[in-house]
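# A structural walkthrough
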Amino acid sequence: MNRSKRSDVFPTTALPVAPGVLAIATAWWHPVRGHMDCPAHPLLSAHARRAGYTVDARRWEEKAVNGDDRGPAATTVVAVSYERPEGGHRGLALAARSEDGPAVAFAHRQIASWQAVLRTRRLLYVSEGAAPSGAPTAEVRSAASPAPPQASVPSQGKQGPGQGGRTGEPGGGAWLPCGCSAGSGCLSASFAERSLHRSVGRGDEVVVVGAPAPGTGGGWPHRAPDAALKRATTLAQAEALTVKDPERFAFVVAPGAVVSEAAGILRVLRRRFPRLRGQHPWEWCCTTDDLDTAVGSVLAQSDALLVTGGGDSPLVRTALVRAAGSGVRVREVTSLDRLRPEDVDGATITVLHTATGTDPAGAGQGPGAWPGPEDGPAREVARVLDGLGPTGHVLRTVRSTHLLSDRGAHEPA
(Lines give C-alpha, C1' and ligand atoms only; values in the text may rest on other atoms or scores of the structure.)
Protein backbone atom coordinates (compact mmCIF):
# COMPACT_ATOMS: atom_id res chain seq x y z
CA MET A 1 0.00 0.00 0.00
CA ASN A 2 2.85 2.41 0.79
CA ARG A 3 3.86 2.59 -2.86
CA SER A 4 0.39 3.78 -3.85
CA LYS A 5 0.25 6.71 -1.40
CA ARG A 6 0.00 10.08 -3.06
CA SER A 7 -0.20 13.55 -1.48
CA ASP A 8 -1.49 16.57 -3.36
CA VAL A 9 -2.17 20.28 -2.97
CA PHE A 10 -4.68 21.72 -5.45
CA PRO A 11 -5.91 25.29 -5.97
CA THR A 12 -9.54 25.70 -7.00
CA THR A 13 -12.20 28.35 -7.43
CA ALA A 14 -15.04 25.87 -7.76
CA LEU A 15 -15.13 25.00 -4.05
CA PRO A 16 -15.82 28.24 -2.16
CA VAL A 17 -14.95 28.16 1.56
CA ALA A 18 -15.74 30.96 4.01
CA PRO A 19 -13.06 32.38 6.35
CA GLY A 20 -12.70 30.33 9.54
CA VAL A 21 -14.29 27.27 7.90
CA LEU A 22 -12.71 23.97 6.93
CA ALA A 23 -14.38 22.00 4.14
CA ILE A 24 -13.94 18.23 4.58
CA ALA A 25 -14.71 15.80 1.78
CA THR A 26 -16.91 12.80 2.52
CA ALA A 27 -16.18 11.82 -1.10
CA TRP A 28 -14.65 13.75 -3.98
CA TRP A 29 -13.19 13.51 -7.50
CA HIS A 30 -9.39 13.49 -7.78
CA PRO A 31 -8.14 15.15 -11.01
CA VAL A 32 -5.90 12.13 -11.74
CA ARG A 33 -7.22 9.17 -9.74
CA GLY A 34 -10.92 9.80 -10.15
CA HIS A 35 -13.58 9.05 -7.55
CA MET A 36 -12.28 9.03 -3.99
CA ASP A 37 -14.06 7.56 -0.94
CA CYS A 38 -13.24 9.19 2.42
CA PRO A 39 -14.42 6.91 5.27
CA ALA A 40 -12.10 8.69 7.74
CA HIS A 41 -13.73 12.10 7.23
CA PRO A 42 -15.40 12.05 10.72
CA LEU A 43 -11.90 11.92 12.23
CA LEU A 44 -10.84 15.11 10.44
CA SER A 45 -14.12 16.77 11.39
CA ALA A 46 -13.68 15.90 15.07
CA HIS A 47 -10.15 17.31 15.22
CA ALA A 48 -11.13 20.43 13.27
CA ARG A 49 -14.02 21.17 15.65
CA ARG A 50 -11.77 20.61 18.63
CA ALA A 51 -9.36 23.19 17.14
CA GLY A 52 -12.22 25.71 16.97
CA TYR A 53 -13.06 25.59 13.27
CA THR A 54 -16.50 25.47 11.72
CA VAL A 55 -16.72 22.27 9.69
CA ASP A 56 -18.45 21.85 6.36
CA ALA A 57 -18.35 18.08 5.74
CA ARG A 58 -20.03 17.01 2.52
CA ARG A 59 -19.59 15.29 -0.81
CA TRP A 60 -17.74 17.51 -3.25
CA GLU A 61 -18.99 17.85 -6.81
CA GLU A 62 -16.99 16.20 -9.58
CA LYS A 63 -15.62 19.54 -10.84
CA ALA A 64 -14.97 21.01 -7.38
CA VAL A 65 -11.18 20.77 -7.78
CA ASN A 66 -10.40 22.63 -11.03
CA GLY A 67 -6.76 23.75 -10.55
CA ASP A 68 -7.68 27.45 -10.81
CA ASP A 69 -6.08 29.79 -8.25
CA ARG A 70 -7.27 33.10 -9.70
CA GLY A 71 -9.37 35.53 -7.72
CA PRO A 72 -9.65 36.50 -4.04
CA ALA A 73 -11.98 33.60 -3.21
CA ALA A 74 -9.55 30.85 -4.26
CA THR A 75 -9.43 27.68 -2.15
CA THR A 76 -6.54 25.39 -1.27
CA VAL A 77 -7.23 21.64 -1.18
CA VAL A 78 -4.80 19.43 0.76
CA ALA A 79 -5.22 15.70 0.18
CA VAL A 80 -3.67 12.26 0.48
CA SER A 81 -4.89 9.08 -1.22
CA TYR A 82 -4.03 5.41 -1.70
CA GLU A 83 -5.09 2.49 -3.86
CA ARG A 84 -7.39 -0.19 -2.47
CA PRO A 85 -6.36 -3.84 -3.08
CA GLU A 86 -9.82 -4.58 -4.47
CA GLY A 87 -9.71 -1.56 -6.78
CA GLY A 88 -10.54 2.12 -6.46
CA HIS A 89 -9.06 4.72 -4.15
CA ARG A 90 -9.58 6.14 -0.68
CA GLY A 91 -8.10 9.07 1.14
CA LEU A 92 -8.48 12.31 3.07
CA ALA A 93 -9.09 15.83 1.78
CA LEU A 94 -9.47 19.21 3.50
CA ALA A 95 -10.02 22.61 1.93
CA ALA A 96 -9.54 26.10 3.32
CA ARG A 97 -9.75 29.61 1.91
CA SER A 98 -6.30 30.26 0.40
CA GLU A 99 -5.92 33.64 2.13
CA ASP A 100 -6.75 32.05 5.53
CA GLY A 101 -3.18 31.14 6.51
CA PRO A 102 -3.92 29.44 9.86
CA ALA A 103 -6.63 27.25 8.34
CA VAL A 104 -4.42 26.21 5.42
CA ALA A 105 -1.59 25.41 7.84
CA PHE A 106 -3.94 23.33 9.99
CA ALA A 107 -5.05 21.38 6.90
CA HIS A 108 -1.43 20.64 5.99
CA ARG A 109 -0.64 19.43 9.53
CA GLN A 110 -3.66 17.15 9.64
CA ILE A 111 -2.97 15.51 6.31
CA ALA A 112 0.73 15.10 7.08
CA SER A 113 0.06 13.51 10.48
CA TRP A 114 -2.49 10.98 9.22
CA GLN A 115 -0.55 10.29 6.02
CA ALA A 116 2.31 9.05 8.21
CA VAL A 117 0.11 6.22 9.59
CA LEU A 118 -1.67 5.15 6.40
CA ARG A 119 -0.99 1.42 6.22
CA THR A 120 -2.49 -2.04 5.94
CA ARG A 121 -3.63 -3.23 9.37
CA ARG A 122 -5.74 -5.76 11.25
CA LEU A 123 -8.34 -4.82 13.85
CA LEU A 124 -9.14 -7.45 16.48
CA TYR A 125 -12.30 -7.26 18.58
CA VAL A 126 -13.53 -8.94 21.75
CA SER A 127 -17.01 -8.21 23.07
CA GLU A 128 -19.06 -9.26 26.08
CA GLY A 129 -22.07 -11.41 25.30
CA ALA A 130 -25.52 -10.43 26.58
CA ALA A 131 -26.06 -14.06 27.65
CA PRO A 132 -22.70 -15.83 27.79
CA SER A 133 -22.79 -19.51 26.96
CA GLY A 134 -20.47 -20.19 29.89
CA ALA A 135 -23.01 -18.90 32.40
CA PRO A 136 -25.13 -21.36 34.41
CA THR A 137 -28.82 -20.46 33.94
CA ALA A 138 -32.15 -21.93 34.90
CA GLU A 139 -31.95 -24.33 31.94
CA VAL A 140 -29.06 -26.24 33.55
CA ARG A 141 -30.51 -26.18 37.06
CA SER A 142 -31.31 -29.52 38.63
CA ALA A 143 -34.92 -30.11 39.55
CA ALA A 144 -33.61 -31.67 42.74
CA SER A 145 -31.81 -28.48 43.75
CA PRO A 146 -33.81 -25.38 42.77
CA ALA A 147 -32.00 -22.05 42.98
CA PRO A 148 -32.98 -19.31 45.44
CA PRO A 149 -33.99 -15.90 44.14
CA GLN A 150 -31.09 -13.99 42.58
CA ALA A 151 -29.47 -11.58 45.02
CA SER A 152 -29.45 -7.91 44.11
CA VAL A 153 -26.03 -6.84 42.79
CA PRO A 154 -24.96 -3.18 42.84
CA SER A 155 -23.73 -1.45 39.69
CA GLN A 156 -19.97 -1.54 39.39
CA GLY A 157 -19.13 2.06 40.12
CA LYS A 158 -16.62 3.55 42.52
CA GLN A 159 -15.86 0.55 44.72
CA GLY A 160 -12.84 -1.14 46.15
CA PRO A 161 -10.01 -2.68 44.14
CA GLY A 162 -11.19 -5.45 41.88
CA GLN A 163 -14.83 -4.60 42.54
CA GLY A 164 -15.77 -1.67 40.40
CA GLY A 165 -15.37 0.69 37.48
CA ARG A 166 -12.19 2.36 36.32
CA THR A 167 -10.79 4.66 38.97
CA GLY A 168 -12.45 8.05 39.09
CA GLU A 169 -15.30 7.13 36.74
CA PRO A 170 -18.90 6.16 37.41
CA GLY A 171 -19.97 2.63 36.66
CA GLY A 172 -21.23 1.98 33.16
CA GLY A 173 -23.98 -0.60 33.49
CA ALA A 174 -24.65 -3.43 35.98
CA TRP A 175 -22.51 -6.56 36.12
CA LEU A 176 -23.07 -9.63 38.26
CA PRO A 177 -20.28 -10.75 40.63
CA CYS A 178 -19.33 -13.51 38.17
CA GLY A 179 -18.67 -11.03 35.34
CA CYS A 180 -21.88 -11.62 33.37
CA SER A 181 -24.17 -8.72 32.53
CA ALA A 182 -27.07 -8.15 34.92
CA GLY A 183 -29.58 -9.24 32.29
CA SER A 184 -27.83 -12.49 31.41
CA GLY A 185 -29.79 -14.71 33.81
CA CYS A 186 -26.56 -16.24 35.17
CA LEU A 187 -27.18 -17.90 38.56
CA SER A 188 -23.61 -18.86 39.43
CA ALA A 189 -23.29 -16.31 42.26
CA SER A 190 -26.53 -17.58 43.81
CA PHE A 191 -25.32 -21.17 43.43
CA ALA A 192 -22.04 -20.30 45.13
CA GLU A 193 -23.80 -18.54 48.00
CA ARG A 194 -26.22 -21.43 48.47
CA SER A 195 -23.31 -23.89 48.61
CA LEU A 196 -21.43 -21.62 51.02
CA HIS A 197 -24.27 -21.40 53.54
CA ARG A 198 -25.10 -25.10 53.19
CA SER A 199 -21.51 -26.08 54.00
CA VAL A 200 -21.28 -23.67 56.95
CA GLY A 201 -24.63 -24.92 58.21
CA ARG A 202 -23.42 -28.53 58.42
CA GLY A 203 -20.29 -27.46 60.34
CA ASP A 204 -17.68 -27.53 57.58
CA GLU A 205 -14.79 -25.14 57.30
CA VAL A 206 -15.11 -23.43 53.93
CA VAL A 207 -12.41 -22.15 51.60
CA VAL A 208 -13.24 -19.69 48.81
CA VAL A 209 -11.16 -20.75 45.81
CA GLY A 210 -9.81 -18.34 43.23
CA ALA A 211 -9.45 -14.58 42.98
CA PRO A 212 -12.23 -12.59 41.26
CA ALA A 213 -11.03 -11.24 37.92
CA PRO A 214 -10.64 -7.44 37.66
CA GLY A 215 -14.04 -5.76 37.79
CA THR A 216 -15.86 -8.79 39.28
CA GLY A 217 -16.72 -10.19 42.69
CA GLY A 218 -18.52 -7.12 44.04
CA GLY A 219 -21.52 -7.69 46.32
CA TRP A 220 -20.74 -11.35 47.07
CA PRO A 221 -21.71 -12.96 49.30
CA HIS A 222 -25.00 -11.14 49.58
CA ARG A 223 -25.44 -12.46 53.15
CA ALA A 224 -22.35 -12.94 55.31
CA PRO A 225 -21.88 -16.50 56.63
CA ASP A 226 -21.91 -17.33 60.34
CA ALA A 227 -18.31 -18.53 60.26
CA ALA A 228 -14.98 -17.16 59.11
CA LEU A 229 -13.95 -18.18 55.60
CA LYS A 230 -10.56 -19.28 54.37
CA ARG A 231 -9.15 -18.02 51.07
CA ALA A 232 -6.99 -19.75 48.51
CA THR A 233 -6.32 -17.42 45.58
CA THR A 234 -2.92 -18.85 44.59
CA LEU A 235 -1.22 -22.23 44.40
CA ALA A 236 1.11 -21.17 47.23
CA GLN A 237 -1.84 -20.36 49.50
CA ALA A 238 -3.38 -23.74 48.70
CA GLU A 239 -0.13 -25.49 49.66
CA ALA A 240 0.10 -23.60 52.97
CA LEU A 241 -3.56 -23.83 53.99
CA THR A 242 -4.34 -25.48 57.34
CA VAL A 243 -7.72 -26.78 58.57
CA LYS A 244 -9.01 -28.05 61.89
CA ASP A 245 -10.62 -31.22 60.55
CA PRO A 246 -9.78 -32.49 57.05
CA GLU A 247 -12.94 -34.60 57.21
CA ARG A 248 -15.13 -31.51 57.46
CA PHE A 249 -13.70 -29.27 54.78
CA ALA A 250 -15.57 -27.75 51.80
CA PHE A 251 -15.00 -25.24 49.02
CA VAL A 252 -16.85 -22.77 46.83
CA VAL A 253 -15.42 -21.16 43.71
CA ALA A 254 -15.35 -17.37 44.02
CA PRO A 255 -17.77 -15.72 41.57
CA GLY A 256 -15.65 -13.98 38.95
CA ALA A 257 -12.69 -16.32 39.35
CA VAL A 258 -11.00 -17.56 36.20
CA VAL A 259 -12.08 -21.20 36.22
CA SER A 260 -8.84 -22.54 34.72
CA GLU A 261 -6.90 -20.89 37.57
CA ALA A 262 -9.38 -22.07 40.21
CA ALA A 263 -9.09 -25.63 38.87
CA GLY A 264 -5.33 -25.57 39.45
CA ILE A 265 -5.85 -24.44 43.05
CA LEU A 266 -8.45 -27.16 43.58
CA ARG A 267 -6.01 -29.76 42.25
CA VAL A 268 -3.61 -28.85 45.08
CA LEU A 269 -6.35 -28.82 47.72
CA ARG A 270 -7.73 -32.20 46.64
CA ARG A 271 -4.24 -33.71 46.79
CA ARG A 272 -3.76 -32.38 50.32
CA PHE A 273 -7.33 -32.95 51.52
CA PRO A 274 -8.83 -35.99 49.74
CA ARG A 275 -12.15 -35.62 51.61
CA LEU A 276 -12.71 -32.08 50.28
CA ARG A 277 -16.22 -31.52 49.01
CA GLY A 278 -17.96 -28.59 47.33
CA GLN A 279 -19.83 -27.21 44.37
CA HIS A 280 -20.62 -29.23 41.28
CA PRO A 281 -18.66 -27.84 38.28
CA TRP A 282 -22.00 -27.28 36.57
CA GLU A 283 -22.48 -24.31 38.87
CA TRP A 284 -19.26 -22.55 37.92
CA CYS A 285 -19.45 -19.59 35.53
CA CYS A 286 -16.88 -19.67 32.71
CA THR A 287 -17.39 -16.08 31.55
CA THR A 288 -14.21 -14.59 33.05
CA ASP A 289 -12.23 -17.62 31.89
CA ASP A 290 -13.50 -17.04 28.34
CA LEU A 291 -12.82 -13.31 28.49
CA ASP A 292 -9.31 -13.86 29.86
CA THR A 293 -8.54 -16.38 27.12
CA ALA A 294 -9.91 -14.18 24.34
CA VAL A 295 -8.25 -10.99 25.58
CA GLY A 296 -4.93 -12.73 26.13
CA SER A 297 -4.94 -14.17 22.62
CA VAL A 298 -5.61 -10.85 20.87
CA LEU A 299 -3.26 -8.72 22.98
CA ALA A 300 -0.44 -11.19 22.40
CA GLN A 301 -0.46 -10.19 18.72
CA SER A 302 -1.38 -6.49 19.08
CA ASP A 303 0.64 -3.30 18.95
CA ALA A 304 -2.02 -1.21 20.69
CA LEU A 305 -5.31 -1.43 22.58
CA LEU A 306 -8.11 1.06 21.92
CA VAL A 307 -10.94 1.14 24.48
CA THR A 308 -14.17 2.68 23.21
CA GLY A 309 -17.46 3.47 24.90
CA GLY A 310 -18.35 5.31 28.06
CA GLY A 311 -18.97 2.39 30.39
CA ASP A 312 -16.92 -0.08 32.36
CA SER A 313 -16.89 -3.87 32.33
CA PRO A 314 -14.97 -6.97 33.40
CA LEU A 315 -13.80 -7.29 29.78
CA VAL A 316 -12.05 -3.92 29.81
CA ARG A 317 -10.69 -4.41 33.33
CA THR A 318 -9.20 -7.75 32.27
CA ALA A 319 -7.72 -6.19 29.14
CA LEU A 320 -6.16 -3.27 31.03
CA VAL A 321 -4.45 -5.62 33.48
CA ARG A 322 -3.24 -7.82 30.64
CA ALA A 323 -2.00 -4.83 28.61
CA ALA A 324 -0.11 -3.40 31.59
CA GLY A 325 1.64 -6.71 32.08
CA SER A 326 2.60 -7.12 28.44
CA GLY A 327 3.55 -3.53 27.62
CA VAL A 328 0.84 -3.02 24.98
CA ARG A 329 0.08 0.70 24.72
CA VAL A 330 -3.48 1.70 25.65
CA ARG A 331 -5.68 4.59 24.55
CA GLU A 332 -9.22 5.31 25.74
CA VAL A 333 -11.27 6.68 22.83
CA THR A 334 -14.53 8.11 24.14
CA SER A 335 -14.79 10.38 21.08
CA LEU A 336 -12.95 10.60 17.76
CA ASP A 337 -11.08 13.76 18.71
CA ARG A 338 -9.20 11.63 21.27
CA LEU A 339 -7.83 9.34 18.56
CA ARG A 340 -4.28 10.38 17.62
CA PRO A 341 -2.00 9.21 14.79
CA GLU A 342 0.32 7.45 17.22
CA ASP A 343 -2.64 5.46 18.59
CA VAL A 344 -3.19 3.69 15.26
CA ASP A 345 0.44 3.32 14.20
CA GLY A 346 0.60 -0.46 14.20
CA ALA A 347 -0.03 -3.51 12.05
CA THR A 348 -2.46 -5.10 14.53
CA ILE A 349 -4.73 -3.19 16.92
CA THR A 350 -7.25 -4.51 19.43
CA VAL A 351 -10.48 -2.54 19.82
CA LEU A 352 -12.63 -3.20 22.89
CA HIS A 353 -16.09 -1.74 23.32
CA THR A 354 -17.20 -1.28 26.92
CA ALA A 355 -20.97 -1.27 27.15
CA THR A 356 -23.08 1.27 29.02
CA GLY A 357 -26.62 1.00 30.31
CA THR A 358 -27.84 2.78 27.17
CA ASP A 359 -26.37 0.28 24.69
CA PRO A 360 -29.01 -1.79 22.90
CA ALA A 361 -29.56 -5.21 24.44
CA GLY A 362 -27.84 -7.93 22.54
CA ALA A 363 -25.63 -5.60 20.50
CA GLY A 364 -22.72 -7.45 19.04
CA GLN A 365 -24.35 -10.88 19.35
CA GLY A 366 -24.33 -13.67 16.82
CA PRO A 367 -21.80 -14.88 14.25
CA GLY A 368 -20.28 -12.04 12.25
CA ALA A 369 -21.93 -9.36 14.40
CA TRP A 370 -20.02 -6.20 15.30
CA PRO A 371 -19.27 -5.43 18.95
CA GLY A 372 -21.29 -2.56 20.40
CA PRO A 373 -24.21 -0.58 18.98
CA GLU A 374 -24.42 0.33 15.29
CA ASP A 375 -23.75 4.02 15.91
CA GLY A 376 -21.41 3.59 18.88
CA PRO A 377 -17.74 4.53 19.29
CA ALA A 378 -16.44 1.06 18.34
CA ARG A 379 -18.13 1.24 14.95
CA GLU A 380 -16.98 4.85 14.48
CA VAL A 381 -13.37 3.82 15.11
CA ALA A 382 -13.73 0.86 12.75
CA ARG A 383 -15.12 3.02 9.95
CA VAL A 384 -12.41 5.64 10.43
CA LEU A 385 -9.62 3.06 10.32
CA ASP A 386 -11.15 1.67 7.14
CA GLY A 387 -10.18 5.04 5.65
CA LEU A 388 -6.60 4.96 6.94
CA GLY A 389 -5.46 1.99 4.89
CA PRO A 390 -6.73 -1.47 3.85
CA THR A 391 -8.15 -3.00 7.02
CA GLY A 392 -9.10 -6.52 8.05
CA HIS A 393 -11.63 -6.91 10.89
CA VAL A 394 -11.62 -10.02 13.11
CA LEU A 395 -13.96 -10.69 16.04
CA ARG A 396 -12.41 -13.12 18.54
CA THR A 397 -14.94 -15.12 20.53
CA VAL A 398 -14.25 -17.79 23.16
CA ARG A 399 -17.42 -19.38 24.52
CA SER A 400 -17.59 -22.28 26.95
CA THR A 401 -20.96 -24.01 27.07
CA HIS A 402 -22.45 -26.16 29.83
CA LEU A 403 -23.92 -29.29 28.25
CA LEU A 404 -26.76 -31.28 29.75
CA SER A 405 -25.57 -34.60 31.16
CA ASP A 406 -27.25 -37.91 30.37
CA ARG A 407 -28.77 -37.92 33.85
CA GLY A 408 -30.25 -34.45 33.40
CA ALA A 409 -29.57 -33.67 37.09
CA HIS A 410 -26.71 -33.64 39.56
CA GLU A 411 -26.34 -34.11 43.26
CA PRO A 412 -26.16 -30.91 45.33
CA ALA A 413 -22.86 -30.09 47.00
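Summarised in this report is the structure supplied together with it. (Residues numbered from 1 in each chain as written. Predicted model: local features only at pLDDT ≥ 70, side-chain atom pairs only at ≥ 80, totals over all residues. Heavy atoms only, no water.)

Here the focus is the overall build of the protein. Assigned secondary structure in the protein consists of eight helices and 15 strands. For the protein, buried positions account for 51% of its 413 residues. When the accessible area of the protein is evaluated, it comes to approximately 18,000 Å², of which 51% is carbon and sulfur surface. (Helix = DSSP H or I, 4+ residues; strand = E, 2+ residues; numbered from the N terminus. Buried < 20%, exposed > 50% of the residue type's maximum accessible area, 1.4 Å probe, protein only. Areas by Shrake-Rupley, 256 points an atom, 1.4 Å probe, with all protein chains shown as cover.)

Let us now look at the pairing of strand E12 (residues 304-308). The two faces of a sheet get side chains in turn, since along a regular strand they alternate between them. Most of E12 sits out of view: five of its five residues are buried. Because side chains alternate across E12, one face comprises the buried residues Ala-304, Leu-306 and Thr-308, and the other comprises Leu-305 and Val-307, equally buried. Alignment of E12 against strand E13 (residues 329-333), held across five bridges, turns out to be parallel. Residue Leu-305 lies in a different strand from E13, and its bridge partner there is Val-330. (Pairing = 2+ DSSP bridges.)

Core analysis: the biggest nonpolar cluster contains 38 residues, and Leu-22, Leu-92, Trp-114, Leu-306, Val-344 and Leu-388 have the highest contact counts within it. Other than its neighbours up to four places away in sequence, Leu-92 contacts Ala-40, Leu-44, Val-78, Ala-79, Val-80, Ile-111, Trp-114 and Leu-388. Counting 29 residues, the second largest nonpolar core, distinct from the first, contains Leu-241, Val-268, Leu-276 and Trp-284. (Core = buried A, V, L, I, M, F, W, Y, C linked by side-chain atoms within 4.5 Å. Contact = heavy atoms within 4.5 Å.)

Turning to the sheet that holds strand E9 (residues 230-232), a few remarks are in order. Across the sheet, four strands lie side by side as E9-E8-E10-E11; this open sheet has parallel pairing. Sheet topology places E9 and strand E11 (277-278) at the edges, where each strand pairs with a single neighbour. Relative to E9, strand E8 (residues 205-209) is paired through three bridges, and the arrangement is parallel. Across the sheet, residue Val-209 finds its bridge partner in E9, namely Ala-232. Packed onto the sheet, helix H3 (residues 188-201) meets E8 and strand E10 (249-253) and runs at close to 165° relative to E10. This element, helix H5 (residues 259-272), spans E8, E9 and E10 of the sheet and lies at about 145° to E8. (Axes fitted to C-alpha atoms, helices over the stretch in contact; angles between N-to-C directions.)

Tallying each qualifying case throughout the model produces five aromatic pairs. A centroid spacing of 5.9 Å and a plane angle of 65° characterise the contact between Trp-28 and Trp-60, whose relative ring orientation is edge-to-face. Placement of the pair is Trp-28 in strand E2 (residues 21-30) and Trp-60 in the loop between strand E4 (54-59) and strand E5 (75-83), with a sequence separation of 32 residues. Judged by relative accessible area, which is 2%, Trp-28 ranks as buried. On the basis of relative accessible area, Trp-60 is assigned to the buried category, the value being 3%. (Phe/Tyr/Trp six-rings, centres within 6.5 Å; stacked < 30°, edge-to-face > 60°.)

The final tally for this structure, using the stated rule, is two cavities of 30 Å³ or more. Empty space within the largest cavity amounts to approximately 80 Å³. Lining the largest cavity are 13 residues, with Val-253, Ala-254, Pro-255, Trp-284 and Cys-285 positioned closest to its centre. No other element matches the three residues that H3 contributes to the lining of the largest cavity. A per-class count over the lining of the largest cavity returns nine nonpolar, three polar and one charged. (1 Å grid on protein atoms, 1.4 Å probe; cavity = no way out; pocket = protein on both sides within 12 Å on 5 of 7 lines; lining within 4 Å. Points joined across faces, edges and corners; volume = space filled by probe spheres on them. Nonpolar A, V, L, I, M, F, W, Y, C, P; charged D, E, K, R; others polar.)

Enumeration according to the criterion identifies zero disulfides in this entry. Unpaired in this structure, Cys-178 has its nearest cysteine sulfur neighbour in Cys-186, at a distance of 3.6 Å. Distance from the sulfur of Cys-286, which forms no disulfide, to the nearest cysteine sulfur (Cys-285) is 6.6 Å. We classify Cys-286 as buried; its relative accessible area is 14%. (Disulfide = S-S within 2.5 Å.)

A few words now on the side chain of Thr-12. Structurally, the position occupied by Thr-12 is in strand E1 (residues 6-12). Within polar-contact distance, the side chain of Thr-12 engages the backbone oxygen of Ala-64 at 2.5 Å. Of note is the side chain of Thr-12, whose polar atom sits 3.0 Å from the side chain of Asn-66. Residues contacting Thr-12, with those up to four places away along its chain left out, are Ala-64, Val-65, Asn-66, Gly-67, Asp-68, Ala-74, Thr-75 and Val-77. (Polar contact = N/O pair within 3.5 Å; in protein donor to acceptor, adjacent residues only side chain to side chain.)

What follows covers the pairing of E8. The element E8 is largely enclosed, with a buried count of five among its five residues. With five bridges connecting them, E8 and E10 associate as parallel partners. Each residue of the ladder has a partner; that of Val-206, found in E10, is Ala-250.

So, about the pattern of salt bridges. Under the counting rule described, the total for this entry stands at 13 salt bridges. A salt bridge links Arg-97 to Glu-99; its shortest N-O distance comes to 2.8 Å. Residue Arg-97 is classed as buried on the basis of its relative accessible area, which comes to 18%. Under the relative-accessibility criterion, Glu-99 is labelled exposed at 56%. Shared partners join several salt bridges into a network, and the residues in it are Arg-331, Arg-340, Glu-342 and Asp-343. (Salt bridge = Lys/Arg side-chain N within 4 Å of Asp/Glu carboxyl O.)

Below, the discussion takes up the packing of helix H1 (residues 41-50) against helix H2 (residues 101-115). Running from N to C, H1 and H2 point in directions that differ by 135°, and their axes come no closer than 12 Å. By the criterion of interaxial angle, the relationship of H1 to H2 is oblique. The element H1 and its partner H2 pack so that their crossing is right-handed. Packed against H1, whose contacting residues are Leu-43, Leu-44, His-47 and Ala-48, the element H2 presents Phe-106, Gln-110 and Trp-114 at the interface. In the contact of H1 with H2, the residues fall into five nonpolar, two polar and no charged. (Parallel < 35°, antiparallel > 145°, perpendicular 65-115°, else oblique. Left-handed = near helix turned anticlockwise from the far one by under 90°.)

Counting through the fold element by element, Thr-350 comes out in strand E14 (residues 348-353). Classification of Thr-350 by relative accessible area gives buried; the value is 0%. Beyond its immediate sequence surroundings of up to four residues, Thr-350 is in contact with Leu-124, Val-298, Leu-299, Ser-302, Ala-304, Leu-305 and Leu-306.

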